[in-house]
Protein chains: 2
Amino acid sequence: MKIITVSREFGSGGREVGKRLADALGFKYYDKEIITEIAKQTNLHEEYINKTLENGLGFHFSFGTTLAGFSAVDQNAIDIMVAQRKIIKELAEKGDCVIVGRTSNVILKDYHPLNVFVYADMDSKVARCKARAKEEEKLTDKQYRKAIKKIDKGRAKYYSLLSSGKWGDKKEYDMLVNTTGMVIKDMIPALKEYAEAWFKTYEK
Amino acid sequence: MKIITVSREFGSGGREVGKRLADALGFKYYDKEIITEIAKQTNLHEEYINKTLENGLGFHFSFGTTLAGFSAVDQNAIDIMVAQRKIIKELAEKGDCVIVGRTSNVILKDYHPLNVFVYADMDSKVARCKARAKEEEKLTDKQYRKAIKKIDKGRAKYYSLLSSGKWGDKKEYDMLVNTTGMVIKDMIPALKEYAEAWFKTYEK
């Protein structure tokens, strides 16, 4: 089973890296499909699931509640986490794939995936967010910076629920690429070749 | 001018990455040549220079001395730093090259080099050190771990003298590769391709 996980800072183009890399390798690509599947299994709305995961479940766990004291909302967050873990494993079992985000590097540890982390400097992330936003949805640079920091803080928090490692710390990944100033399309042949070398090594 | 800097954790195989990458690209490769050149320009012994740089100049700067209070030893450390900076720039001016270590990513910032960081987990670094040591020079695992930590601490310290960034922090580099379990030779075609994509982007 050849699995690549792509973790990324918000706005760094990690999703594009994942999608293009999957296409180049002929691998399945999973991202939002996971949310859709969680929604099916938990009967919760996709948007609610997204928000819960984006907040790093912070809201639900921030009051030092014990298991016994969990409210209905907390229980939803746990259901989401449990469903997500199960679904990611099911998808991995289906065959070669690229999975973006969702702490899949932690969840799929036993499958020995190639774990990639994509990042960029703040200006470049703001520019990327801006470029892909619809005209009427554009924010100010300051607002983008704030939003990017908030989302990544949530990701880091969520990560620390599942791992003793630190989100974005190089120790957690096999390769980290800085997309600042890069054209992602042009990076793909090299990343594909790296992935092939990686799988070759681990198949030996 | 196409310049690649390779920074690395001790024992991660960064030097091999740098050498092989230079060969694959047809670039010059600089590593110990820099020490030899510093020795020439400062009239200091190569071994002394190496030790001074490896210790992150820690010994010389650890007493909170002011410029006026520098001893002869301190002055040597400064001479070494100044000479190193000058030599690295001179080498870069000569044409396409790979430079390993020596905070060259900081020193050559204006040349917009591709900055690579090579790392690995501790077991893998110990194994690599062991494999390359002569039979009579082999240490225990514990001794290797201690030596590796000490050398990298020196590198981090030296880095912080020249940069406000942190040695090994992904923000300081364009690509980080974890050599744990990898055969370095097999990684080179992908790294070469990545470098070519990088230079293509920045030449536009």
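Residues numbered from 1 in each chain as written. Chains lettered and ligands numbered in written order. Predicted model: local features only at pLDDT ≥ 70, side-chain atom pairs only at ≥ 80, totals over all residues. Heavy atoms only, no water.

## Comments concerning the packing of aromatic side chains
So, point 1. For the coordinates displayed, the defined rule picks out eight aromatic pairs over all chains.
So, point 2. On the basis of an interplanar angle of 75° and a centroid distance of 5.4 Å, the ring pair of Phe 117 of chain B and Trp 167 of chain B is categorised as edge-to-face. Placement of Phe 117 of chain B in strand E4 (residues 114–119) and of Trp 167 of chain B in the loop between helix H8 (141–162) and strand E5 (175–178) is noted, with a sequence separation of 50 residues between them.
So, point 3. Aromatic pair Phe 117 of chain B and Tyr 173 of chain B: ring centres 4.9 Å apart, planes at 45°, arrangement tilted. Of this pair, Phe 117 of chain B sits in strand E4 while Tyr 173 of chain B sits in the loop between H8 and E5, and the two are 56 residues apart along the sequence.
So, point 4. According to the relative accessible area criterion, Phe 117 of chain B is buried, its value standing at 0%.
So, point 5. Among the aromatic side chains, those forming a connected cluster through ring pairs are Phe 117, Tyr 119, Trp 167 and Tyr 173 of chain A. (Phe/Tyr/Trp six-rings, centres within 6.5 Å; stacked < 30°, edge-to-face > 60°. Helix = DSSP H or I, 4+ residues; strand = E, 2+ residues; numbered from the N terminus. Buried < 20%, exposed > 50% of the residue type's maximum accessible area, 1.4 Å probe, protein only.)

## A word on the pattern of salt bridges
So, point 1. One pass over the structure, following the stated rule, counts 26 salt bridges over all chains.
So, point 2. A salt bridge links Lys 200 of chain B to Asp 186 of chain A, with the nearest nitrogen and oxygen atoms 3.9 Å apart. Taken as a pair, Lys 200 of chain B in helix H9 (residues 184–203) and Asp 186 of chain A in helix H9 (residues 184–203) lie in two separate chains rather than in one.
So, point 3. A residue is classified by how much of its surface remains accessible, and Lys 200 of chain B, at 46% relative accessible area, is partly exposed.
So, point 4. Ionic pairing is found between Asp 141 of chain B and Lys 130 of chain B, a salt bridge with its closest N-O pair at 2.4 Å. Residue Asp 141 of chain B is located in helix H8, and its partner Lys 130 of chain B is located in helix H7 (residues 122–132); the two are separated by eleven residues in the primary sequence.
So, point 5. Using a relative accessible area of 29% as the deciding quantity, one classes Lys 130 of chain B as partly exposed.
So, point 6. Among the ionic contacts, a cluster of salt bridges with common partners joins Arg 15, Asp 31 and Arg 102 of chain A. (Salt bridge = Lys/Arg side-chain N within 4 Å of Asp/Glu carboxyl O.)

## Observations concerning H8 of chain B
Residue and element names in this part refer to chain B.
So, point 1. Here H8 contains 22 residues, and its C-alpha end-to-end distance of 32 Å stays within 8% of the 32 Å for a straight helix at 1.5 Å per residue.
So, point 2. What H8 keeps buried is the set Tyr 144, Ile 148, Ile 151, Asp 152, Gly 154, Arg 155, Tyr 158 and Tyr 159. Along the long axis of H8, the arc covered by the buried residues comes to 150°, so they all point the same way. In this structure, H8 carries Lys 142, Lys 146, Lys 149, Lys 150 and Lys 153 as exposed residues pointing more than 90 degrees from its buried face. (Expected span 1.5 Å × (residues − 1). Arc of directions from axis to C-beta.)

## Concerning the confidence of the model for chain A
Detailed conclusions should not be drawn from predicted coordinates in areas where pLDDT is low.
Residues and elements named next belong to chain A.
So, point 1. Taken as a whole, chain A shows an average pLDDT of 89; of its residues, 90% reach a score of 70 or greater.
So, point 2. Residue range residues 59–66 is modelled with pLDDT below 50. Its contacts to residues more than four positions away, or to other chains, number eleven contacts.
So, point 3. The ipTM for the predicted assembly is 0.86, set against a pTM of 0.89. (pLDDT = per-residue confidence, 0-100. Contact = heavy atoms within 4.5 Å.)

## Section: a positive patch on the surface
Residues and elements named next belong to chain A.
So, point 1. Together, Lys 51, Lys 142, Arg 145, Lys 146, Lys 149 and Lys 150 make up a positively charged patch on the protein surface.
So, point 2. Per element, the largest residue contribution to the positive patch is five residues, and it comes from helix H8 (residues 141–162).
So, point 3. In this fold, Lys 142 is placed in helix H8.
So, point 4. Taking relative accessible area as the criterion, Lys 142 reaches 64% and is therefore assigned exposed. (Patch = residues over 30% accessible without salt bridge, like charges linked within 9 Å, V, L, I, M, F, W, Y side chains within 5 Å. Areas by Shrake-Rupley, 256 points an atom, 1.4 Å probe, with all protein chains shown as cover. Lys, Arg positive; Asp, Glu negative; His and termini not counted. Charge placed at Lys NZ, Arg CZ, Asp CG, Glu CD.)

## Concerning empty space enclosed by the protein
Rolled over the atoms, a probe sized like a water molecule indicates the empty space that remains.
Residues and elements named next belong to chain B.
So, point 1. According to the stated counting rule, one finds one cavity of 30 Å³ or more in the structure shown.
So, point 2. A volume near 30 Å³ is recorded for the largest cavity.
So, point 3. For the largest cavity, the full set of lining residues is Leu 21, Leu 114, Val 116, Met 175, Leu 191, Tyr 194 and Ala 195.
So, point 4. Residue assignment for the lining of the largest cavity shows that the elements contributing at least two residues are E4 and H9.
So, point 5. In terms of residue count, H9 provides more of the lining of the largest cavity than any other element does, three residues in total.
So, point 6. Here the lining of the largest cavity is composed, by residue class, of seven nonpolar, no polar and no charged. (1 Å grid on protein atoms, 1.4 Å probe; cavity = no way out; pocket = protein on both sides within 12 Å on 5 of 7 lines; lining within 4 Å. Points joined across faces, edges and corners; volume = space filled by probe spheres on them. Nonpolar A, V, L, I, M, F, W, Y, C, P; charged D, E, K, R; others polar.)

## Notes on the side chain of Lys 170 of chain A
So, point 1. As for its placement among the helices and strands, Lys 170 of chain A is situated in the loop between H8 and strand E5 (175–178).
So, point 2. Not counting chain neighbours up to four residues away, the residues in contact with Lys 170 of chain A comprise Leu 176 of chain A together with Glu 9, Phe 117, Tyr 119, Gly 168 and Leu 176 of chain B.

## Some thoughts on the sheet that holds E5 of chain A
So, point 1. The strand order E2(A)-E3(A)-E1(A)-E4(A)-E5(A)-E5(B)-E4(B)-E1(B)-E3(B)-E2(B) describes an open sheet built from ten strands, whose pairing is mixed. Every other strand in the sheet has two partners, leaving strand E2 (28–30) of chain A together with strand E2 (28–30) of chain B as the edge strands with one partner each. Between one strand axis and the next, the sheet turns through 20° on average, direction left out of account.
So, point 2. Here four bridges tie strand E1 (residues 3–8) of chain A to strand E3 (residues 97–100) of chain A, and the two strands are oriented parallel to one another. Residue pairing for E3 of chain A: Ile 4 of chain A is matched across the bridge by Val 98 of chain A. (Pairing = 2+ DSSP bridges. Axes fitted to C-alpha atoms, helices over the stretch in contact; angles between N-to-C directions.)

## Notes on the nonpolar core
So, point 1. In this structure, Ile 4 of chain A together with Ile 4 of chain B are the most contacted members of the largest nonpolar core, which totals 50 residues.
So, point 2. If we ignore the near neighbours within four places in the chain, the residues touching Ile 4 of chain A are Leu 21, Leu 25, Phe 27, Cys 97, Val 98, Ile 99, Leu 114, Val 116, Ala 195 and Phe 199 of chain A. (Core = buried A, V, L, I, M, F, W, Y, C linked by side-chain atoms within 4.5 Å.)

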